[in-house]
Every structure is written in structure tokens, then in C-alpha cells.
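Each chain is listed here by its residues.
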Amino acid sequence: MPKKNLFGYTLKALEEEMLARGEKKYRATQLYQWIYVKKVTDFDSMTDISKSFRDVLKEEYTLDLPRIFTKQVASDGTIKLLVEMEDGAKVECVLMRYDYGNAICVSSQIGCSMGCAFCASGLLKRERNLSAAEITGQVMVMNKILYEEGENVSHIVVMGTGEPFDNYDNVSSFIHIMNEAKGLAIGARHITVSTCGLVPGIKRYGDEGIQVNLAISLHAPNDKIRNELMPVSRAYNMDVLLDAVKEYIEKSGRRVTFEYILIKGVNDTIECAKELSERLRGILCYVNLIPLNPVKEKPFERSLDKDTKAFSLYLNNHGINCTIRKEWGTGIDAACGQLKEWGTGIDAACGQLRAKYVLKGRN
Ligand code: SAH
């Protein structure tokens, strides 16, 4: 029997597991406190647990974390880790430092099968889902680095490689693990899941019962353009998608974010802004305009600054709150004329997390 990784258990699941073993339910809380609050990484340090039960724990469970394969730090403090899972599969996660806290962007799958035309993550198809322990592991590995600075991960975005709602159950466990008051206690409002628009997932997300944030990658004002950019749009067109979003807002009372990458000559005209504002009118939302991060295998270019500003101005003047995603970075690659991004020079920006690491083994 392979050992079970404790980082994959919600508190409720761990309580059930303990009860099923004939242990008291509070064992689960004890374990949660040791691993998430007291930051202990081995069973022997859990001094309020009997030696005999610690031996059982060692026999049947692990506290293994993904292994750091490479670590890159940009001069703005952004950290990108390539971590290796037990089977050799690798994924990236990125830490961004805001003045309000430390936000980690985690991956939810090895590769991605959504096939968005502008994104690097789908260059190789999805290989497998990440388990809840492997997603939690990304946060805990980053926390280990931050604990040394007296800091910790305070915000989470599930926006790395993969489509979170194509791995719904594990992502759901993950957000409950992060949010657990007896563990890391990361506020639900500090947790955001971003989807390309898988409608069944949006419906389930509305029933999670915690106030987590939802972001939708929209990237187009109509089905014609969206179909060209995002194959998912052929399964769930904009009417169906926006109906699900409205239903979600009704259930959760939460404002949603629409992400919209501005791509030169594709979706960045004033006509597009007009159509978008008409489609979104009356929906409790705001639009986050994302400057395209070029991916060398893809033909798309970033919109001109003046078009980005005009698009944003149009939306704001027509009742749709909109911001342009702030760009950071100290320009590691400034010499190459790159615009400043989160972790410029380490390919840490949205859509640049790559599937090449899907390849197993060391590269
Ligand atoms: N599958 C999820 C989450 C991963 S992508 C989703 O689609 O939302 C995270 C965000 O980065 C999405 O909004 C995605 O559309 C965006 N993105 C992908 N490629 C990009 C690129 N080249 N430049 C800028 N943003 C990109």
C-alpha cells in the first residue's frame, strides 16, 4: 500500500479517517495544528501524540512535499519554482509580492487540454490531474521559503498550468484545506479560482458554501472571436457561460472578475469594447484587462498602449468597472526591450507557465 499524503486531507476528511481507524476525532485537529500552525515536518516532533500512534502514522502516511527542481528569483522578489512530484512530473508555481501580502499562483494539472490559442500551458496536452496534496504541496514548499523570512503565503490564485474545473474535486479539497480555520486559515476572499469557462464547474463552485472568488477567462466579446481563441467556447457558448455566471452571483452574492487579454487586432477594438460592455451590463462584475504575454510559439501580439487605454476608458465610461492588470518587475530582461512583468525574465507571467515540464525525468 502506498503511503497517504496528509497534505491532501481536508479537516473533515481527516476526522473521518481518524474515526474509521478507531481514533478520536480530535486527532485530526492535532495533526492539522502540527503541520499547518506549528510548521512541523516530521511525525516524531508531534509530542502530544503517543509514540505508538506516531509509529502508525509513519508507517501509513507521509508529509512529503514536492521537491524543488529549480528556483528562480527576480529582482522584484517574484519567485518561480519548478517542483517535481513523486512520479517525476513537474509543474511551476509563482510567488508574487504585493504590499497587501504574498500571493501564490498554483498549478492544478500537469499540462492542460483546454487548448487556448494564446497560452503556453496547452502546448502539450494534459497529462494528469494534480492531487489535492500536490496542489497544497506547492503552497507549503513556498511557505517553507517564506517562513525563513518571517513571512507566509497570504493569498492564493489557482491560475497556473491547468484548468481547475477540469480537476474539480481536488481543487475543491485544496481550497477547503487552505481556508481551514484550524490550519493555514487563509481567508476565502483571499482565494481565487480562474476558469476558462467550464460551466458545470461554475455551477458546483456556487455551492461550495465558502466565499471564495471566481475569475472567468473571457477574452472575447462574442462567440465568433471566442471560438477562435478558446475551444471551450464551442462546448459552452457565451450565453450559456454568462447564464451560469449570473446564477453563481445570485447564489454566492459575490462579484466575479472577467479576465480579458488584449490581443492586437483580434479583440482590442472599440467595437469589441462596446459589444463587451453590452454583454456584461447588469452583471455584478469587473473586468481585468491583461496585457498579452507573448509566447514564442504563438502568433499573437500585445495590443498597443493607446488601444489598451482606449478599451479600458470605454468600459469604465459605459458602466463596466475595469482595471488594467498592474505590471510589476524590476526588468531582469530590460536590455531585451521587454516590458516589465511579474518576474520578467523568468517567464513567470500569466500564460507563460509551460507544458514543457510535462516531460518526465530530469531535463
Ligand atoms: N485555465 C484557467 C487558469 C489558468 S490560465 C483559466 O483559463 O482561467 C490563467 C490566466 O492567464 C487566464 O486568464 C488565461 O487566459 C491567462 N493567459 C493565458 N495565456 C496568456 C498569455 N499569453 N498572456 C496573458 N495571459 C494569458
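Residues numbered from 1 in each chain as written. Predicted model: local features only at pLDDT ≥ 70, side-chain atom pairs only at ≥ 80, totals over all residues. Heavy atoms only, no water.

So, the packing of helix α1 (residues 11-20) against helix α2 (residues 26-37): which residues are in play, and what are the values?
Look at α1 against α2: their axes get within 7 Å of each other, and the N-to-C directions meet at 130°. Taken together, the axes of α1 and α2 lie oblique to each other. Crossing of α1 over α2 shows right-handed handedness. Where α1 approaches α2, its residues L11, L14, E15 and M18 are matched on the opposing element by R27, A28, T29, L31 and Y32. Its residues assigned to classes, the contact of α1 with α2 shows six nonpolar, one polar and two charged. (Axes fitted to C-alpha atoms, helices over the stretch in contact; angles between N-to-C directions. Helix = DSSP H or I, 4+ residues; strand = E, 2+ residues; numbered from the N terminus. Parallel < 35°, antiparallel > 145°, perpendicular 65-115°, else oblique. Left-handed = near helix turned anticlockwise from the far one by under 90°. Contact = heavy atoms within 4.5 Å. Nonpolar A, V, L, I, M, F, W, Y, C, P; charged D, E, K, R; others polar.)

Any chance you could break down the site of the ligand for me, citing the residues and the numbers?
If you check the shell around the ligand, you find 20 residues, and the closest are E163, S194, S217, H219 and N293. Separating a nitrogen atom of the ligand from a backbone N or O atom of G162 is a distance of 3.0 Å. Bound to the protein, the ligand loses 96% of the 530 Å² it would expose on its own. Counting residues per element, the ones that place at least two in the shell around the ligand are β10 (191-195) and β12 (256-262). For the shell around the ligand, the residue count by class is 10 nonpolar, eight polar and two charged. (Near = heavy atom within 4 Å. Polar contact = N/O pair within 3.5 Å; in protein donor to acceptor, adjacent residues only side chain to side chain. Areas by Shrake-Rupley, 256 points an atom, 1.4 Å probe, with all protein chains shown as cover.)

Can you break down unusual backbone geometry residue by residue, with the values?
With a phi close to 60°, K39 is a non-glycine residue in the positive phi region. Mapped onto the elements of the fold, K39 is located in the loop between α2 and α3 (51-60). A positive phi angle, near 55°, is found at A185, a position not held by glycine. In this fold, A185 is placed in the loop between α5 (168-179) and β10.

So what about α5? Which residues, and what values?
Its 12 residues place the ends of α5 16 Å apart at the C-alpha level, agreeing with the 16 Å of an ideal helix rising 1.5 Å per residue. Looking at α5, one finds that the buried residues are Y168, V171, S172, F174, I175, I177 and M178. Where the residues of α5 are buried, they touch α2, α4 (132-147), β9 (155-158), β10 and α6 (199-205). (Expected span 1.5 Å × (residues − 1). Buried < 20%, exposed > 50% of the residue type's maximum accessible area, 1.4 Å probe, protein only.)

Can you tell me about the packing of aromatic side chains, naming the residues and giving the values?
Scanning the entire structure with this criterion turns up eight aromatic pairs. Measuring from centroid to centroid gives 6.4 Å for Y9 and Y61, while their planes differ by 65°, and the two rings are edge-to-face. Linking Y9 in the loop between β1 (4-5) and α1 with Y61 in strand β2 (residues 61-62), this pair joins segments that are 52 residues apart in sequence. There is no split in this pair, since Y9 and Y61 are both buried. Measuring from centroid to centroid gives 5.9 Å for Y205 and Y248, while their planes differ by 20°, and the two rings are stacked. In this pair, Y205 is assigned in helix α6 and Y248 in helix α9 (residues 238-252), connecting sequence segments 43 residues apart. Judged by relative accessible area, Y205 falls into the buried class, the value being 3%. Within the aromatic cluster, the residues linked to one another by ring pairs are F165, Y168, Y205 and Y248. A cation sits over an aromatic face here: K90 above F69, 4.5 Å from the ring centre. (Phe/Tyr/Trp six-rings, centres within 6.5 Å; stacked < 30°, edge-to-face > 60°. Lys NZ or Arg CZ within 6 Å of the ring centre and 35° of its normal.)

Describe the pattern of salt bridges, with residues and values.
Within the structure shown, the criterion is met by 22 salt bridges. A salt bridge links K80 to E92; its shortest N-O distance comes to 3.1 Å. Separated by 12 residues along the polypeptide, K80 in strand β4 (residues 79-84) and E92 in strand β5 (residues 90-98) bring together distant segments of the chain. The buried category is assigned to K80, whose relative accessible area is 5%. (Salt bridge = Lys/Arg side-chain N within 4 Å of Asp/Glu carboxyl O.)

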